[in-house]
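What follows is each chain in one-letter form.
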Amino acid sequence: MPLTIPEEHHAAIGKIINLSDASVKELISAISAVKIKSSPPEMTELIRAQVPSIPSEDLAEIIDVLYALYHVREYSEVSRDTFLSDIVTTVRGLVPEVESKPLQLLKLRARFRRLLDISTLNLLAKAIELQRDGERIYCG
């Protein structure tokens, strides 16, 4: 089942699609090398210098979307493969030129697989989910 990506995130999804492979690698390395930050603006500020190939405004939008995707995936409780398929299906609908090029579709899937497997963000998403699940555990 495809996801509904809010319209305010469509531009950032397009920026992720248009990143060079080197920029994606740089982004993943930067996020993986730093301590967890709970907010996208804090993470953006922390890694900005390590990701010079992505303009600051674009980096902020991309980090914001990545945080949102991790949270939605954790909250949805679907397998990672199912979530990845849902994202690819949704993005194909947003970017018609991807659908007409099978090689680009495979590249898109691989890119989102890598971006959704960053241990720092996986840990953060899981921590937030656990916090939300047990927010009132000691109230009674």
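Heads up: these notes are all about the structure in this document. By convention here, each chain's residues receive numbers from 1 onward along its written sequence. Per-residue local features are limited, in this predicted model, to residues with pLDDT of at least 70; the limit for side-chain atom pairs, both in listing and counting, is 80 or more; totals at the level of whole chains, interfaces and linings are taken over all residues. Where side-chain values are given, they derive from all heavy atoms of the structure, hydrogens and water being excluded.

### Structural notes on the overall build of the chain
Consideration 1: A helix here means a DSSP run of H or I that spans at least four residues, while a strand means a run of E at least two residues long, and both kinds are numbered starting from the N terminus. A count of helices and strands for the chain gives 8 helices and 0 strands.
Consideration 2: Order of helices (α) and strands (β) in the chain, N terminus to C terminus: α-α-α-α-α-α-α-α.
Consideration 3: If you take every contact in the chain between residues at least 6 apart in sequence, the share linking residues at least 24 apart comes to 73%.
Consideration 4: Every accessible area reported is derived by Shrake-Rupley at a probe size of 1.4 Å, with residue values counting cover from the shown protein chains alone. Only carbon and sulfur atoms are counted for the fraction: they give 56% of the accessible area of the chain, which is about 8,200 Å². Whether two residues are in contact is decided by their heavy atoms: any pair within 4.5 Å suffices.

### Remarks on the pattern of salt bridges
Consideration 1: A carboxyl oxygen of Asp or Glu within 4 Å of a side-chain nitrogen of Lys or Arg is what we treat as a salt bridge. With the rule as written, the count across this model stands at 6 salt bridges.
Consideration 2: Arg113 serves as the salt-bridge partner of Asp81, at 3.2 Å between the closest nitrogen and oxygen. In this pair, Asp81 sits in helix H5 (residues 80-94) while Arg113 sits in helix H7 (residues 102-115), placing the two residues 32 residues apart along the sequence.
Consideration 3: Burial classes follow relative accessibility: with a 1.4 Å probe on protein chains only, a residue under 20% of its type's maximum area counts as buried, one over 50% as exposed, and anything between as partly exposed. By relative accessible area, which is 45% here, Asp81 ends up partly exposed.

### Some remarks on the environment of Ser38
Consideration 1: Structurally, the position occupied by Ser38 is in the loop between helix H2 (21-32) and helix H3 (40-47).
Consideration 2: Between the C-alpha atom of Ser38 and that of Tyr67, which follows or precedes it by 29 residues, the distance is 9.1 Å.
Consideration 3: Discounting residues that sit within four places of it in the chain, Ser38 has contacts with Tyr67 and Leu124.

### Topic: the nonpolar core
Most often, soluble globular proteins keep nonpolar side chains buried together rather than apart.
Consideration 1: Ranked by size, the top nonpolar core spans 38 residues in total, and within it Leu27, Ile31, Ile47, Val91 and Phe112 carry the most contacts.
Consideration 2: Element by element, the count of residues in this core is highest for helix H4 (residues 56-76), at 8 residues.
Consideration 3: With near-sequence residues (within four places) excluded, Phe112 lies in contact with Ile13, Ile16, Leu69, Leu84, Ile87 and Val91. We define a nonpolar core as any set of buried Ala, Val, Leu, Ile, Met, Phe, Trp, Tyr and Cys residues linked to one another through side-chain atoms lying within 4.5 Å.

### Some thoughts on H4
Consideration 1: What a helix should span is 1.5 Å times the count of its residues minus one. Between its first and last C-alpha, H4 extends 30 Å over 21 residues, near the 30 Å set by a 1.5 Å rise per residue.
Consideration 2: Those residues of H4 lying buried are Leu59, Ile62, Ile63, Val65, Leu66, Tyr67, Leu69, Tyr70, Arg73 and Glu74.
Consideration 3: At the exit of H4 stands Glu77, carrying a positive phi of roughly 60 degrees.

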